[in-house]
2 protein chains.
Amino acid sequence: MQEKVRLKDLAEKLNISITTVSKALNGHPDISEKRRKEIIEYAASVNYVPNQVAKNFRQQRTNTVGIILSDNAYPYNSRMLHGMEETLAASGYYPIFVDSHQDARRELELIRSLHALNVAGVLLTPSHNGRESCDLLTNFQIPYVLARGYIDPDQDAYVVVDDRMVSYMSVKYLSSYDGNKIFFINSMERLPSAQNRLLGYRQALADYGIKEEDDWVIQNCIGQQGGYEVMKQLLRRHKPPFSVICYSDYVATGMICALQERKIQIPSEVAIMGADNIAILSYVKPRLTTIDLPKKRLGQRAAEMLVEMIEHPSNDAPIDFSKMRCVFQPRLIIRETS
Amino acid sequence: MQEKVRLKDLAEKLNISITTVSKALNGHPDISEKRRKEIIEYAASVNYVPNQVAKNFRQQRTNTVGIILSDNAYPYNSRMLHGMEETLAASGYYPIFVDSHQDARRELELIRSLHALNVAGVLLTPSHNGRESCDLLTNFQIPYVLARGYIDPDQDAYVVVDDRMVSYMSVKYLSSYDGNKIFFINSMERLPSAQNRLLGYRQALADYGIKEEDDWVIQNCIGQQGGYEVMKQLLRRHKPPFSVICYSDYVATGMICALQERKIQIPSEVAIMGADNIAILSYVKPRLTTIDLPKKRLGQRAAEMLVEMIEHPSNDAPIDFSKMRCVFQPRLIIRETS
DNA sequence: TTGAAAGCGCTAACAC
DNA sequence: GTGTTAGCGCTTTCAA
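Chain A appears in an unreviewed UniProt entry as Catabolite control protein from Anaerotruncus colihominis.

### Side note on helix 12 (residues 295-311) of chain B
Look at helix 12 of chain B: 25 Å from first C-alpha to last across 17 residues, which is about the 24 Å you get at 1.5 Å a residue. Turning to helix 12 of chain B, its buried residues number three or more, namely Lys295, Leu298, Gly299, Gln300, Ala302, Ala303, Met305, Leu306, Val307, Met309 and Ile310 of chain B.

### Points about the relation of the copies chain B and chain A
In screw terms, the move from chain B to chain A is a rotation of 180 degrees and a rise of 0.1 Å along the axis, fitting with an RMSD of 0.2 Å. In the structure described here, the two chain copies are related by an operation that fits a two-fold rotation axis. Taking the C-alpha atom as reference, chain B places Ile96 of chain B closest to the rotation axis, 2.2 Å from it. A high fraction, 100%, of the interface residues of chain B reappear at the interface in chain A, so the copies pair face to face through one surface.

### Focus: the protein's contact with DNA strand C
As a structural note, the neighbourhood of DNA strand C is formed by 27 residues, with Leu7, Tyr48 and Arg58 of chain A together with Thr20 and Lys23 of chain B the closest of them. Put simply, 56% of the atoms of DNA strand C that lie within 4 Å of the protein are in sugar or phosphate. Asn51 of chain A places a main-chain nitrogen or oxygen 3.3 Å from a phosphate oxygen of DNA strand C. Between DNA strand C and Ser17 of chain B there is a distance of 3.3 Å, counted from a phosphate oxygen to a side-chain nitrogen or oxygen. If you list the elements that add at least two residues to the surface near DNA strand C, you get helix 2 (18-25) and helix 4 (52-59) of chain A together with helix 2 (18-25) and helix 4 (52-59) of chain B.

### A word on the interface of chain B and chain A
Every contact between the two is made by 55 residues of chain B and, on the other side, 55 residues of chain A. Between chain B and chain A, a total of about 5,300 Å² is buried, with carbon and sulfur atoms accounting for 64% of that surface. The three residues of chain B that bury the most area against chain A are Phe97, Ile280 and Tyr283 of chain B, which together make up 14% of that side's buried surface. At the junction of chain B and chain A, the tally comes to 0 salt bridges. Where chain B touches chain A, the interface holds 12 residue pairs in polar contact (both at pLDDT 80 or more). Among the residues making up the side of chain B that touches chain A, the classes are represented as 26 nonpolar, 21 polar and 8 charged.

### Regarding the protein's contact with DNA strand D
The environment of DNA strand D is formed by 26 residues, the closest being Thr19, Thr20 and Arg58 of chain A together with Leu7 and Arg58 of chain B. The sugar and phosphate moieties of DNA strand D supply 55% of its atoms located within 4 Å of the protein. Thr20 of chain A has a polar side-chain atom sitting 2.5 Å from a phosphate oxygen of DNA strand D. A distance of 3.3 Å separates a base oxygen of DNA strand D from a polar atom in the side chain of Thr19 of chain B.

### Overview of the packing of aromatic side chains
All names here are of chain A. Going through the model one piece at a time under the given rule, you end up with 12 aromatic pairs over all chains. Seen in terms of ring centroids, Phe183 and Trp216 are 6.3 Å apart; in terms of plane orientation they differ by 55 degrees. Their pairing is tilted. In this pair, Phe183 sits in strand 6 (residues 181-185) while Trp216 sits in the loop between helix 9 (192-207) and strand 7 (217-218), placing the two residues 33 residues apart along the sequence. Just as Phe183 is buried, Trp216 falls in that class too. Ring centres 5.2 Å apart and planes at 80 degrees place the aromatic pair Phe183 and Phe242 in the edge-to-face group. Here Phe183, found in strand 6, pairs with Phe242, found in strand 8 (residues 242-246); they are 59 residues apart in sequence, far enough to count as distant. In textbook terms, an aromatic cluster arises when at least three aromatic residues are bridged by ring pairs, as seen for Phe183, Trp216 and Phe242. Taking the ring centre of Tyr247 as reference, the NZ or CZ of Arg197 above it sits at 4.2 Å.

### Thoughts on the nonpolar core
By size, the foremost hydrophobic cluster in this structure holds 152 residues, and its most contacted members are Met231, Val244 and Ile272 of chain A together with Met231, Val244 and Ile272 of chain B. Excluding residues that lie within four positions of it along the chain, Ile272 of chain B makes contacts with Met231, Val244, Cys246, Ala252, Met255, Ile256, Leu259, Leu288, Thr289, Thr337 and Ser338 of chain B. By size, the runner-up hydrophobic cluster in this structure holds 43 residues, among which are Val119 and Tyr158 of chain A together with Tyr94 and Val122 of chain B.

Thresholds, definitions, all that
- Residues numbered from 1 in each chain as written.
- Chains lettered and ligands numbered in written order.
- Predicted model: local features only at pLDDT ≥ 70, side-chain atom pairs only at ≥ 80, totals over all residues.
- Heavy atoms only, no water.
- Helix = DSSP H or I, 4+ residues; strand = E, 2+ residues; numbered from the N terminus.
- Expected span 1.5 Å × (residues − 1).
- Buried < 20%, exposed > 50% of the residue type's maximum accessible area, 1.4 Å probe, protein only.
- Least-squares fit on C-alpha atoms with pLDDT ≥ 70 in both.
- Contact = heavy atoms within 4.5 Å.
- Near = heavy atom within 4 Å.
- Polar contact = N/O pair within 3.5 Å; in protein donor to acceptor, adjacent residues only side chain to side chain.
- Buried area = accessible area lost by both parts, 1.4 Å probe.
- Salt bridge = Lys/Arg side-chain N within 4 Å of Asp/Glu carboxyl O.
- Nonpolar A, V, L, I, M, F, W, Y, C, P; charged D, E, K, R; others polar.
- Phe/Tyr/Trp six-rings, centres within 6.5 Å; stacked < 30°, edge-to-face > 60°.
- Lys NZ or Arg CZ within 6 Å of the ring centre and 35° of its normal.
- Core = buried A, V, L, I, M, F, W, Y, C linked by side-chain atoms within 4.5 Å.

Here's what the structure looks like:
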């Protein structure tokens, strides 16, 4: 049962002033080496740990960073979170993480709470397209970086995967299957990333001279169950061969499951492309052709940028956002399903 | 650019004392209803948010909770983390989460840091069997709950899965395969959970009259790559049929991959059991027979217990740890690989 | 029912 | 090179 040791306790024991102890411990230049050593040694011997709360209060700044994820249940975010945590820890910041559950109202509430906790910055995965959250953060003068999904290229610092390219690459690769229909199974249409995926898909169709047909795009398909059902539905209306680009590996595995139940050959009858490159699937047959998204690095980069913004605030000049952007390129992983 | 509104600002505008404003906002009984209403309304109108850091400092307690995970890269932990976050958020606590990277030294360092941040409690996934971390937490008088892996049943509050039962159930189920060898592929032997799995395995062999042979237990097999290689090695030394119990679904998928490459039939030639019930695999063929571990609920329960300990501290009586334990039973999920 | 004043542990401006 | 002092924003006695 160890009583908390305070600066005052150290000072009394050593018969010097609190100030001197504080300065010695904080590496201030105007303390003699002899004294400093003495003080540091004694502090260590009694296990002194400075009270961060008092320090934060006094200095009007903390070494905590808020991380607001839109949905932590989704594994994609967990990899990103890992990258963020790692980088923040290395820079001496502590992450406080909270989940907005894709709820815009809650997102604002959380920003207010984090502001009350006086976080040094915020990493935000926006759950929608409005600017309210960014405005509030700006209002509070809290530096922030948007991770995955951005709102306004001119106003925000952000780190994203080039979502257009994700679907563009998929179409490009599949376009070699001569004459195939290429379906595109998208996620929730309100998601910025889903909107960009669709743009990339259409751009690629145009570039490769493929004419999109009526029901090639299916929106709002979620998860494995969603993929499973959409594939069954697709098979009712279309005869193989055809190709399918999925928003995620989850959707893709659901589709593959439906195909296997009907003993349809992959990729000769139906070709499937996923997106995410979920690690565990690399050992699973048929090995999924997918697009790798650098999840962890995205988290790391976002955290790095935030730390930069926190530690080099541009009080006078407005932030040069062009330096505060990072667009990661996806990478095609060719395996067995297309 | 909103200046921070302080209690003082409210008081000045309303021409009353800071004390009165504080009391009104905190629901103190000795403020007239009229005043209270007036004050609350005005505070809301100027978007007043109390400075948590000042509050925490003054009250010598915070509403943050430290979460120390041994390895956040592992998806198991991410589900648990999700459960923890959810429960803490619902109780008004903010999680600060950090990763010990299975390093005992770092774990102690992190506890010291969290202590400095004056966290209200700690949720800890111990990375080893020593008592140093628990002792330090006790020393600092920080309430804590161990999640997954416990040290001393008499001294700690903990939430675990019954790891013995995980392997016990697997052996029991496999024992119906008449005369099969039953291999047990364990994780790092220093992990408490791995030690318990081994105990359960041996207990079940004894109970079902199966005599363990020399090389049935393989320790320190990690991940898909590990499973893949161990299976190749196993096939070199043993002729099917046999059965294999894996520490995790990851190991199991690696093994299945190796079997498929050699065109060995599952489960007729080699039967495989996983553990974890990773969601994505439920749609993947061959559908893995596994043991479900209630990851998210485990995190929730651990957080619930911690909140209980924080809010009802037993200053006088020693904590009744028998109420501070929760052992979740695993559940057999029979699918296609055994 | 209200308010004045003290102080949580620390840092920083300033005087010596 | 060292110490004195003020004060960060809030809560909490205690007196009015």
